[in-house]
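A closer look at the structure
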Amino acid sequence: MSSLWRLGLVLALCWLPTAARADDQAMLNRAIAGAVRQFDAARPGLGQQLFGVDVSRYGEALHQRRFSGGAWAGETRLALRIRTKPSGSCSRYAAFVRLPPEDGTLLLVLCPQFFTPGADDLRVLTILHEMVHVVTGRGECQAMAFTARIEMLATGAFTPVDEYWRASKCASTEYRLP
C-alpha cells in the first residue's frame, strides 16, 4: 500500500466522524431554533406560570442557556453534550437532563436517537420538553403538558403522546394536555 494512499485513507477516516458531528450539530442548531420559534410564538398565551413552570425562567434558559431561580439556587447554566453511543440512559431516551446541577451547570445530554434523520419536529419537541426539566427538575407529566401547550399555541395542534401519557400515569396528576 503506497504511503500516499495510506495518508488518504487516514484523512478520510478522520473526516467521517467530524462530518457526522457537524451534521449532528446542524440538526441540534435547527432543533433549538425551532424550539425558540415555537416558544416565542406561544409566549403571549402562556402567562407568567403554567403547570408550575416559571415561563420567564424557561425563556431565559431556552434563549440564553442560563437562568436564575427555578428549582435551583443562584444562576444555572445549561451545557449540551452529544453522545455517540446508545449506552446508559441513552439506551432508553433521545435526550435527558442530568439532575441536579453540578457547580451551577446542568447537562442536557443528546443521544444518538435524537439525531434520527427525518425527525426534525420531534427534535424540536424534545428540546422544549427537556427545557422543562432544566428549569423545574420535575417529572414527565409536567414536561409533556407544558410542551403540548407550547406546540398547540404555536401551531394550532400538538403531537399525540397518549401512550407515554398513560405509561407515566399522567391522568391522575394535575397536568392536562390541550
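Further up the page is the structure itself.
Since we're looking at a predicted model, the values are computed, not measured. (Residues numbered from 1 in each chain as written. Predicted model: local features only at pLDDT ≥ 70, side-chain atom pairs only at ≥ 80, totals over all residues. Heavy atoms only, no water.)

1. Re the sheet that holds strand β5 (residues 95-102)
Backbone hydrogen bonds are what pair the strands of a sheet, in a parallel or an antiparallel way. Pairing in this open sheet of 4 strands is mixed, and the strands run β3-β4-β6-β5 from one edge to the other. In this open sheet, the two strands that pair with only one neighbour each are β3 (66-68) and β5. Here the strands of the sheet are splayed against their neighbours by 20° on average, with no regard to which way each runs. Summarising the sheet, β3 and strand β4 (residues 75-82) pair through 3 bridges and their orientation is antiparallel. Directly across from Phe67, in β4, lies its bridge partner Thr76. The sheet contacts of helix α2 (residues 55-64) involve β3 and β4, and relative to β3 the element is tilted by about 155°. Lying over the sheet, helix α3 (residues 120-136) contacts β3, β4, β5 and β6 (105-110), oriented at roughly 20° with respect to β5. (Pairing = 2+ DSSP bridges. Helix = DSSP H or I, 4+ residues; strand = E, 2+ residues; numbered from the N terminus. Axes fitted to C-alpha atoms, helices over the stretch in contact; angles between N-to-C directions. Contact = heavy atoms within 4.5 Å.)

2. Let's talk about the side chain of Arg123
Within the fold, Arg123 resides in helix α3. Sequence-distant contacts of Arg123, that is, excluding residues within four places in its chain, are made with Met27, Ala31, Phe114, Phe115, Thr116 and Gly118.

3. Observations concerning the packing of aromatic side chains
For the structure shown, the criterion picks out 4 aromatic pairs. Seen from their ring centres, Phe114 and Phe115 are 5.0 Å apart, and the 75° between their planes marks the pair as edge-to-face. Residue Phe114 is classed as buried on the basis of its relative accessible area of 2%. The exposure class assigned to Phe115 is buried, which follows from its relative accessible area of 7%. Taken together, Phe39, Tyr58 and Phe146 form an aromatic cluster joined through their ring pairs. (Phe/Tyr/Trp six-rings, centres within 6.5 Å; stacked < 30°, edge-to-face > 60°. Buried < 20%, exposed > 50% of the residue type's maximum accessible area, 1.4 Å probe, protein only.)

4. With respect to the packing of α3 against helix α4 (residues 140-155)
Relative to each other, α3 and α4 sit at 130°, their axes nearing to 9 Å. One element, α3, and the other, α4, form an angle in the oblique class. Considering how the two elements wind past one another, α3 and α4 form a crossing that is right-handed. Residue-level contacts link Leu125, Leu128, His129, Val132, His133 and Thr136 of α3 to Glu140, Gln142, Ala143, Met144, Phe146, Thr147, Ile150 and Glu151 of α4. (Parallel < 35°, antiparallel > 145°, perpendicular 65-115°, else oblique. Left-handed = near helix turned anticlockwise from the far one by under 90°.)

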